[in-house]
Amino acid sequence: MSRAVIGMIAGMALGFAGYFGGFGAFLLVAALGAIGFVVGRFLEGDLEIGEFFRPRDDRRR
């Protein structure tokens, strides 16, 4: 499945959540989708846990 189709499905899910559940449901679906995306990238091996906790520059202050 292409990324465009996945993006379309995610957009439709957010639209339905916003329409039927209100803005709170829209935010909940968006947040859970973002968490699912990060977990999926982690499980595929594209991300490492250390990338979230390491400072951007390697200089120590």
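Residues numbered from 1 in each chain as written. Predicted model: local features only at pLDDT ≥ 70, side-chain atom pairs only at ≥ 80, totals over all residues. Heavy atoms only, no water.

Student: How do you make sense of the packing of aromatic side chains when you look at a structure like this?
Tutor: For any pair of aromatic rings, the description rests on two quantities: the centre-to-centre distance and the angle between the ring planes. Inspection of the entire model under this criterion finds 3 aromatic pairs. Between phenylalanine 16 and phenylalanine 20, the ring centres sit 6.0 Å apart and the planes meet at 10 degrees, which makes this aromatic pair stacked. A residue pair is termed a helical-turn pair when its members lie 3 or 4 positions apart in one helix, as phenylalanine 16 and phenylalanine 20 do in helix H1 (residues 3-21) at 4 residues. Look at phenylalanine 20 and you get exposed, because its relative accessible area is 63%. Ring plane angle 85 degrees and centroid distance 4.9 Å describe the contact between tyrosine 19 and phenylalanine 20, whose orientation is recorded as edge-to-face. (Phe/Tyr/Trp six-rings, centres within 6.5 Å; stacked < 30°, edge-to-face > 60°. Helix = DSSP H or I, 4+ residues; strand = E, 2+ residues; numbered from the N terminus. Buried < 20%, exposed > 50% of the residue type's maximum accessible area, 1.4 Å probe, protein only.)

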